[in-house]
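Each chain, letter by letter, is given below.
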2 protein chains.
Amino acid sequence: MAAAPVWSVDPRTGKRREQVAVEATAQEVDDAVRAAHAARASLADRAVRAAFLRTAAEQLEAAKDGLVETADAESALGPVRLTGELARTCYQLRAFADTVDEGAFLDVIINHPDATATPPIPDLRRHKVPLGTVAVYAASNFPFAFSVAGGDTASALAAGCPVVVKAHPDHPALSELVAKVLRRAAAAHGLPEGVVGLVHGFAAGVELVRHPLVTAAGFTGSVRGGRALFDAAAARPAPIPFHGELGSLNPVVVTEAAADERAEAIGAGLAGSMTLGVGQFCVKPGLVLVPSGAAGDRLLTALTDAVSDTDAGVLLDHRMRDNFLAGVGERAKLPEVESPVTPGAGGEHTVSAGFLTVPAARLTADGEHDLLLEECFGPVTVVARYSDDAEAGAVLSRLPGNLTATVHLSAGEAAGEGRGPALLAELTPIAGRVLVDGWPTGVAVAAAQHHGGPYPATTSTSTSVGGTAIERWMRPVAYQGVPEALLPAELRDDNPLGLPRRIDGRLER
Amino acid sequence: MAAAPVWSVDPRTGKRREQVAVEATAQEVDDAVRAAHAARASLADRAVRAAFLRTAAEQLEAAKDGLVETADAESALGPVRLTGELARTCYQLRAFADTVDEGAFLDVIINHPDATATPPIPDLRRHKVPLGTVAVYAASNFPFAFSVAGGDTASALAAGCPVVVKAHPDHPALSELVAKVLRRAAAAHGLPEGVVGLVHGFAAGVELVRHPLVTAAGFTGSVRGGRALFDAAAARPAPIPFHGELGSLNPVVVTEAAADERAEAIGAGLAGSMTLGVGQFCVKPGLVLVPSGAAGDRLLTALTDAVSDTDAGVLLDHRMRDNFLAGVGERAKLPEVESPVTPGAGGEHTVSAGFLTVPAARLTADGEHDLLLEECFGPVTVVARYSDDAEAGAVLSRLPGNLTATVHLSAGEAAGEGRGPALLAELTPIAGRVLVDGWPTGVAVAAAQHHGGPYPATTSTSTSVGGTAIERWMRPVAYQGVPEALLPAELRDDNPLGLPRRIDGRLER
């Protein structure tokens with residue numbers, strides 16, 4: 001059977017740009033994984049890893065013009081957004097280099113012998129070691145930040161794990177370019193090419209998660225694709241951790257008092273957030289609980305004005321466009337659902353933003369309206385009008401897990417009056433990040449970030465953004481009674497690496 | 001259908017002692033989970049949790065005589081061991097109370113706004129929150145320390161998670177007694193009974209892991225049972241973390257130089273470790289690589305003497321005895337396997353300890369001898385005689401994951417000469433705890449402990465013993481732009497709870 005070609009496609013026209021590669025055979029996946037596995041010892045030195053990540057950032061910046069041009073040609077996300085996303089990606093690589101340098105992620109804990117414990121404690125020293133080769137499944141919607149050089153790759157390399165990336169079919173040419181930059185950066189530090197593998201094709205992705213030498217996987221994408229890979233990871237003879245970010249509705253609650261206070265600003269802000277990147281963010285607000293009554297009506301008027309003014313946009317590929325049109329069509333047909341601004345087809349290759357409304361009472365019990373509680377990728381949101389707090393709470397209590405949950409409060413509520421505390425308590429169980437008076441789009445790269453949430457937002461309790469994302473690719477090992485001469489440097493009493501450590505119960509810098 | 005009775009059985013006679021309970025119906029499992037779920041808010045206060053754990057320890061100690069007597073009647077482990085195990089269990093409860101008080105496990109990270117980051121960082125504050133109701137599957141071999149009041153329960157309660165324990169059928173009467181003590185301790189702090197549920201029966205265990213309100217599970221037991229529950233946890237509509245400790249061979253390597261130096265001491269130490277608790281420890285050394293030649297022969301002579309002197313013992317139940325006899329019989333029949341001390345039936349209800357030998361060359365490639373690389377529960381170990389380091393390394397490289405790996409070195413090797421560093425590097429990838437010149441039995445309760453390892457030792461990267469075991473039952477939540485008045489106390493700038501935190505990159509006490 002001839003190898004299946006991998007085409008780069010222009011979503012603005014639907015036309016093929018060029019053939020980039022061929023889909024990887026099982027043998028080629030095996031080769032890539034074995035090369036990665038063989039390269040793992042080369043990543044053992046933390047200083048080399050940090051330097052590699054910084055060089056990768058530098059070289060991505062040096063190649064910026066060509067990368068952004070290719071990314072734009074394949075994603076239609078536009079040079080401004082893509083330039084910003086590349087900058088974010090480089091910032092992220094450097095942030096993980098800083099994390100590697102500091103070394104707190106090694107989680108060093110030392111117990112000297114203690115005969116008074118029950119049972120007595122021998123000399124015990126624990127740190128974390130890299131798991132081994134990591135499979136990274138790139139996302140479509142962030143061709144830089146959640147793709148070949150994105151957070152999964154950066155955090156895995158930071159942890160000391162080689163990666164094999166399964167390229168996203170929406171930007172195969174960019175994937176090849178970025179992988180080349182990463183390998184060049186690796187070579188600059190004497191690291192073998194195998195530290196960053198790249199494979200194309202659906203079947204290759206399945207082979208990858210099943211490969212015996214793959215020790216963990218990171219994924220950003222759809223519930224359907226992610227769950228299939230999660231299931232494959234769990235069904236292996238030796239199951240592996242599968243850190244998948246699958247889908248999120250990202251509910252927003254606007255209190256009556258907040259709507260009273262600033263309906264127009266909230267309506268305009270919502271329009272901006274839900275249409276950002278043509279509504280193709282994992283954290284797009286997909287369900288907004290707005291009070292019925294005059295203040296809520298004002299919010300909807302502002303939302304209507306702002307969404308109506310939004311230009312039609314190009315989605316990442318034509319299949320997404322088809323799914324968006326089918327998804328909004330099916331939702332709009334439900335009883336009591338209205339479309340103040342109808343989302344739908346723009347031109348032949350574009351879509352226009354819109355939003356739907358529904359009485360919140362339709363969402364408080366099982367029924368056909370549950371479709372509105374599923375993510376719909378693209379520039380659409382659902383506004384559920386609630387008549388009282390109990391009704392809003394009833395809807396929230398039925399939601400599956402989310403990456404984010406947001407509440408807009410009045411100044412008084414933000415100061416602790418009224419429903420503020422109760423709403424935060426309702427939102428925390430259903431989300432990984434809780435926002436007040438903000439919008440969930442825009443995910444900062446920071447130690448305190450958590451980009452994850454209860455299933456299906458994530459298949460684990462981990463984050464894919466921020467410093468703690470490195471934890472996904474490590475496991476602890478304890479050393480008992482190991483003489484000083486044989487201890488890893490991280491665990492020696494004289495702390496030659498200057499690591500923050502917990503020693504006999506005390507945290508030490 | 002009449003409810004199936006749950007009998008307490010005396011393994012010394014095989015006779016039923018009394019009917020303790022009936023197996024839980026699906027409805028009863030649902031009741032227990034709902035009661036636990038309803039009780040979760042009562043565990044929100046850390047001070048109450050810590051006090052509860054300490055009271056539980058006190059009341060277990062107060063009930064010691066009756067508990068040990070019942071435990072002995074059901075397990076035949078003997079009052080000395082069981083008294084020690086109860087003390088360990090109480091120590092563990094108090095250690096988790098200390099962990100709760102200190103609060104480092106909340107993993108508080110704060111980023112104040114930083115406009116210089118790419119993209120800019122808003123006010124972001126992250127801590128960890130309890131997952132919710134935890135299912136605990138008790139082990140047979142530690143009726144106190146890995147059962148109703150064991151490490152899984154203690155760490156889950158410490159995390160703020162109510163538990164529903166699936167009792168082990170080998171000690172149902174003890175399980176009921178211990179659950180009553182825990183509930184009495186809970187009541188002393190105003191906590192509802194539901195914080196510690198208890199159910200009996202195989203079907204109840206399956207119901208439990210499938211229950212929509214169960215958010216995570218902890219398990220200690222067999223590969224077969226654990227894998228079935230792991231698979232059920234992964235197959236749920238919303239999968240949950242399943243932290244299972246399933247099985248471990250716990251390889252030991254004795255270097256030529258170590259055997260030269262102290263063959264007799266190593267042989268005697270091995271006999272003690274492999275027969276401790278009638279060989280029913282998860283960390284029993286099950287494969288020992290001993291050099292061929294005179295020094296290794298001396299080691300075997302010492303081992304033979306010591307094992308021959310070991311009294312016959314009673315296993316935890318008659319099914320285990322049957323499995324032990326079948327397992328050692330099947331292994332002993334393999335070509336080139338010898339039995340210097342034949343393990344087998346002692347009296348009608350006992351077993352006698354023994355060990356097998358095999359040339360290591362039989363274990364370096366796939367074949368029928370792979371059976372020797374599978375855990376055999378009970379007082380038996382396999383000694384593989386190796387002719388050179390490469391052969392020993394070839395065996396190690398074929399092992400599945402282990403809780404522990406041990407090496408016995410000469411004084412010179414311990415000082416860094418010869419094979420010491422290479423052996424540690426070979427053992428680290430296959431185990432969660434690496435020991436030098438010790439024995440893996442005896443698992444200290446300490447912050448630096450790691451009782452876990454690559455599959456099948458564990459189904460996750462977590463530990464079931466030691467302070468970090470609490471991490472299994474938590475997930476991070478980040479708060480973005482949340483006004484001071486609405487922030488959880490853990491995340492406020494003035495740090496009213498005095499927690500160790502990471503603020504803008506700095507670790508602060």
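In the annotation of an unreviewed UniProt entry, the entry for chain A reads 2,5-dioxovalerate dehydrogenase, and the organism field reads Streptomyces doudnae.

A.B. asks: Before we move on, can you summarise the layout of surface pockets with the specific residues and values?
C.D. replies: Residue and element names in this part refer to chain B. Its volume calculated, the second largest pocket comes out at about 440 Å³. Forming the walls of the second largest pocket are 25 residues, and the residues nearest its centre are Arg81, Phe142, Leu276, Phe281 and Gly442. Put simply, the parts of the chain that give the lining of the second largest pocket at least two residues each are helix H4 (79-102) and strand E12 (313-314). Within the lining of the second largest pocket, the residues separate by chemical class into 15 nonpolar, 7 polar and 3 charged. Each of domain 1 (22-103 + 130-246 + 461-473) and domain 2 (251-436) accounts for three or more of the residues forming the lining of the second largest pocket.

A.B. asks: Explain the domain arrangement of chain A to me, using residue names and the numbers behind them.
C.D. replies: A common measure of how large an interface is: the accessible area buried when the components associate. All names here are of chain A. Domain parsing of chain A yields domain 1 (20-104 + 129-246 + 461-473) and domain 2 (251-436). Taking the mean C-alpha position of each, domain 1 and domain 2 sit 32 Å from one another. Each side of the interface is counted separately: domain 1 has 12 residues, and domain 2 has 11 residues. For the domain 1 and domain 2 pair, buried surface summed over both sides reaches about 880 Å², with 59% attributable to carbon and sulfur atoms. Ranking the residues of domain 1 by area buried against domain 2 places Asn141, Asp170 and Glu245 at the top, with a combined share of 42%. Where domain 1 packs against domain 2, one counts 1 residue pair in polar contact (both at pLDDT 80 or more). By residue class, the composition of the side of domain 1 that touches domain 2 is 4 nonpolar, 4 polar and 4 charged.

A.B. asks: Break down empty space enclosed by the protein for me, with residues and values.
C.D. replies: A full pass over the atoms with the stated rule returns 8 cavities of 30 Å³ or more. In this model, the largest cavity occupies a volume close to 90 Å³. Residue lining of the largest cavity: 13 residues in total, with Lys284, Gly286, Glu374, Cys376 and Val380 of chain A positioned closest to the centre. The element contributing the most residues to the lining of the largest cavity is strand E17 (residues 380-386) of chain A, with 3 residues. In terms of lining, the second largest cavity is formed by Leu249, Lys284, Gly286, Arg331, Leu356, Leu372, Glu374, Glu375, Cys376, Val380, Thr381 and Val382 of chain B. Looking at which element gives the most residues to the lining of the second largest cavity, the answer is strand E17 (residues 380-386) of chain B, with 3 residues. Residue composition of the lining of the second largest cavity, by class: 6 nonpolar, 2 polar and 4 charged.

A.B. asks: Please set out helix H8 (residues 223-235) of chain A residue by residue, giving values where relevant.
C.D. replies: Residue pairs three or four apart in sequence face the same way in an α-helix, which turns once every 3.6 residues. With 13 residues, H8 of chain A should cover 18 Å at 1.5 Å per step; its first-to-last C-alpha distance of 18 Å lies within 8% of that length. For H8 of chain A, the set of buried residues is Gly226, Arg227, Leu229, Phe230, Ala232, Ala233 and Ala234 of chain A. Tucked inside the fold, the buried residues of H8 of chain A contact strand E5 (133-137), helix H7 (202-210), strand E8 (214-220) and strand E9 (242-245) of chain A together with helix H8 (223-235) of chain B.

A.B. asks: Please provide a residue-by-residue account of the pattern of salt bridges, values included.
C.D. replies: All names here are of chain A. Enumeration over the complete set of coordinates arrives at 50 salt bridges over all chains. In this structure, the salt-bridge partner of Lys128 is Asp107, at a minimum N-O distance of 3.4 Å. Highlighted residues: Lys128 in strand E4 (residues 124-130) and Asp107 in the loop between helix H4 (79-102) and strand E3 (108-111), separated in sequence by 21 residues. Residue class for Lys128 comes out buried when judged on its relative accessible area of 11%. Because the salt bridges share partners, they merge into one network encompassing Arg54, Asp98 and Asp101.

A.B. asks: Tell me about unusual backbone geometry, and please be specific about residues and values.
C.D. replies: Between Thr118 of chain A and Pro119 of chain A the backbone carries a cis peptide bond, its omega angle lying at -5°. Within the secondary structure layout, Pro119 of chain A lies in the loop between E3 and E4. Between Tyr455 of chain A and Pro456 of chain A the backbone carries a cis peptide bond, its omega angle lying at 5°. Assignment of secondary structure puts Pro456 of chain A in the loop between strand E19 (431-436) and strand E20 (474-480). Even without a glycine there, the phi angle at Asn495 of chain A is positive, about 45°. Mapped onto the fold, Asn495 of chain A is located in the loop between E20 and strand E21 (501-503). The class for Asn495 of chain A is buried, based on a relative accessible area of 18%. You will see that Asp437 of chain B, though not glycine, has its phi angle at about 55°, which is positive.

Conventions and cut-offs
Within any chain, residue numbers begin from 1 and follow the written order of that chain's sequence. Written order determines the labels here, with chains lettered from A and ligands numbered from 1. In view of the model being predicted, local features appear only for residues whose pLDDT reaches at least 70, and side-chain atom pairs are presented and counted only at 80 or more, with totals across whole chains, interfaces and linings using the full set of residues. Side-chain figures throughout are based on the complete set of non-hydrogen atoms in the structure, without hydrogens or water. A cavity, in this analysis, means grid points on a 1 Å lattice covering only the protein atoms where a 1.4 Å probe fits yet has no way out; a pocket is instead an open set bounded by protein on both sides within 12 Å along at least five of seven lines, and a residue lines either one if it has an atom within 4 Å of a point. Grid points are joined across faces, edges and corners, and a volume is the space filled by probe spheres set on the points. Secondary structure elements are defined from DSSP: runs of H or I of at least 4 residues count as helices, runs of E of at least 2 residues count as strands, and each element is numbered from the N terminus. Classification used: nonpolar for Ala, Val, Leu, Ile, Met, Phe, Trp, Tyr, Cys and Pro, charged for Asp, Glu, Lys and Arg, polar for all others including Gly. Just so you know, the domain bounds were taken from an automatic or database domain assignment. The contact criterion used throughout is that any non-hydrogen atoms of two residues lie within 4.5 Å. By definition, the buried area sums, over both parts, the 1.4 Å-probe accessible area that each loses when the two are put together. Under the rule applied, a polar contact is a pair of N or O atoms within 3.5 Å (in protein, one hydrogen donor and one hydrogen acceptor; residues adjacent in sequence only if both atoms are side-chain atoms). Between the first and last residue of a helix there are one fewer steps than residues, each counted as 1.5 Å, and that sum is the expected span. Burial classes: relative accessible area under 20% of the type maximum marks a residue as buried, over 50% as exposed, and values in between as partly exposed (1.4 Å probe, protein chains only). We define a salt bridge as a contact between a side-chain nitrogen of Lys or Arg and a carboxyl oxygen of Asp or Glu at a distance within 4 Å.

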